[in-house]
Amino acid sequence: MSVIDAATAANNDNEKNDDDGQPGAFPSGRGGSTRGGSTVEKRRNLGVGSFILLAVGAFVFLFPFYYMFIGSLQTSPDTSVAGAFPNPANLTGENYANINGSIDLLKGLVNSGIFTGGVILFTVVFGLLVGYALAQMHFRGKGFVFGMMLLVQMIPFQLLLIPLYVMIVRDYGLADSYIGMILPFAINSTAVFVFRQYFMQLPSTLFEAARIDGASELRILWQIAIPLVRPAIVTAVLLTFIGPWNEFLWPFLVTKDAAIQPLAVSLANYISNVAATASNPFGAILAGACVLAAPAIALFIFFQRQFISTNIGSSVKG
């Protein structure tokens, strides 16, 4: 641990030197104060410009969510731009009751949670194992395995739908089951890459010392490596979550039983079969979309600080 502490302290010193400039450049006199004043002024101007730019970007990004939420509360649909600022008398919560009466929103959320949770569990477990092996273990063909992993990322999932469907449904008989939905997403090459990069930042002396003490590789991974890469685990969870949570095509192909279909599939079935006969299909569909998007938005807001953290030293304490 002393090696990591020393590296962290060195990084902090380097960052301080970068912010303060080289020591001794302006030891005293007007030159130092002039440079400092101009630097502060530039930073102030940059801060105002950045704030305005971020505010505009935030408005552009958040407006579709606002429009979706307002549309889900309207009694009569208004798809024009004026619909973003409706009359309060036109707002109601009946759309949520209507969509819940057509499809069980709670059941759909539970199914989406089981599907997404299973994918995340397999992704983290296999990602940690494979990422650690590619980063800290030495074996023949390691570079080839890493190259093949990068190659897999270039293959669209849609190209694998037919062979996967034949294998999962016909050969394994896993149609209309949670495991049938989860298996094709069990290993995520992006998560493996993230874990590998984090493990490569750790000093190899930690693992060599543990091996000399007789620790097994699994024990080293569990007691030494994983506590140091917690930001990577949070990042992998967030990156993995959004995919299966919004996944429609594969669960739609392998599930015909509405009792186990995720909410995204249930909403698509509602649009195809029920929306044409609904009194306000526009508001009901937007209400279902709000329910589907709410957990993802809450998760990203809750883990915002961990998601943007990329400094491996931030996970080391004492």
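Residues numbered from 1 in each chain as written. Predicted model: local features only at pLDDT ≥ 70, side-chain atom pairs only at ≥ 80, totals over all residues. Heavy atoms only, no water.

## Digging into the overall build of the protein
A tally of helices and strands in the protein yields 15 helices and zero strands. Taking the intrachain contacts of the protein between residues at least 6 apart in sequence as the baseline, contacts between residues at least 24 apart amount to 73%. Carbon together with sulfur atoms contributes 66% to the accessible area of the protein, which is approximately 18900 Å² in total. (Helix = DSSP H or I, 4+ residues; strand = E, 2+ residues; numbered from the N terminus. Contact = heavy atoms within 4.5 Å. Areas by Shrake-Rupley, 256 points an atom, 1.4 Å probe, with all protein chains shown as cover.)

## Things to note about the packing of aromatic side chains
Here a ring pair, both rings aromatic, is described through the centre-centre distance and the interplanar angle of the planes. Summed over all chains, the structure comprises 13 aromatic pairs. Judged by centre distance (6.2 Å) and plane angle (35 degrees), the ring pair of Phe63 and Tyr67 falls under tilted. On the criterion of helical spacing, the pair formed by Phe63 and Tyr67 is a turn pair, its members being four residues apart in helix H2 (residues 30-72). Under the relative-accessibility criterion, Tyr67 is labelled partly exposed at 21%. An aromatic cluster is present here, built from Phe59, Phe63, Tyr66 and Tyr67 joined pairwise through their rings. A cation over an aromatic ring shows up here: Arg196 above the ring of Phe146, its NZ or CZ 3.8 Å from the ring centre. Lys256 extends its terminal NZ or CZ atom over the ring of Phe252, reaching a point 5.4 Å from the ring centre. (Phe/Tyr/Trp six-rings, centres within 6.5 Å; stacked < 30°, edge-to-face > 60°. Buried < 20%, exposed > 50% of the residue type's maximum accessible area, 1.4 Å probe, protein only. Lys NZ or Arg CZ within 6 Å of the ring centre and 35° of its normal.)

## Thoughts on the confidence of the model for the protein
Per-residue pLDDT for the protein has a mean of 79; in total, 80% of the residues score no lower than 70. Per-element averaging of pLDDT across the protein places helix H1 (residues 2-20) at the bottom with 44 and helix H7 (residues 178-182) at the top with 94. Low confidence marks residues 1-34, where pLDDT is under 50. Its contacts with residues over four positions away, or in another chain, come to 18 contacts. Scored below 50 in pLDDT, residues 310-318 shows 19 contacts in the model against residues more than four places distant or in partner chains. (pLDDT = per-residue confidence, 0-100.)

## Some details on a nonpolar patch on the surface
A grouping of Leu121, Phe122, Val125, Phe126, Leu129, Val130, Met167, Tyr172, Ile179, Leu183, Ile187 and Leu218 is seen on the molecular surface, where their side chains present a nonpolar patch of about 1000 Å² in accessible area. Top element by residues in the nonpolar patch is helix H4 (residues 105-136). It accounts for six residues. By the secondary structure assignment, Leu183 is in the loop between H7 and helix H8 (189-201). A relative accessible area of 36% places Leu183 in the partly exposed class. (Patch = residues over 30% accessible without salt bridge, like charges linked within 9 Å, V, L, I, M, F, W, Y side chains within 5 Å. Salt bridge = Lys/Arg side-chain N within 4 Å of Asp/Glu carboxyl O.)

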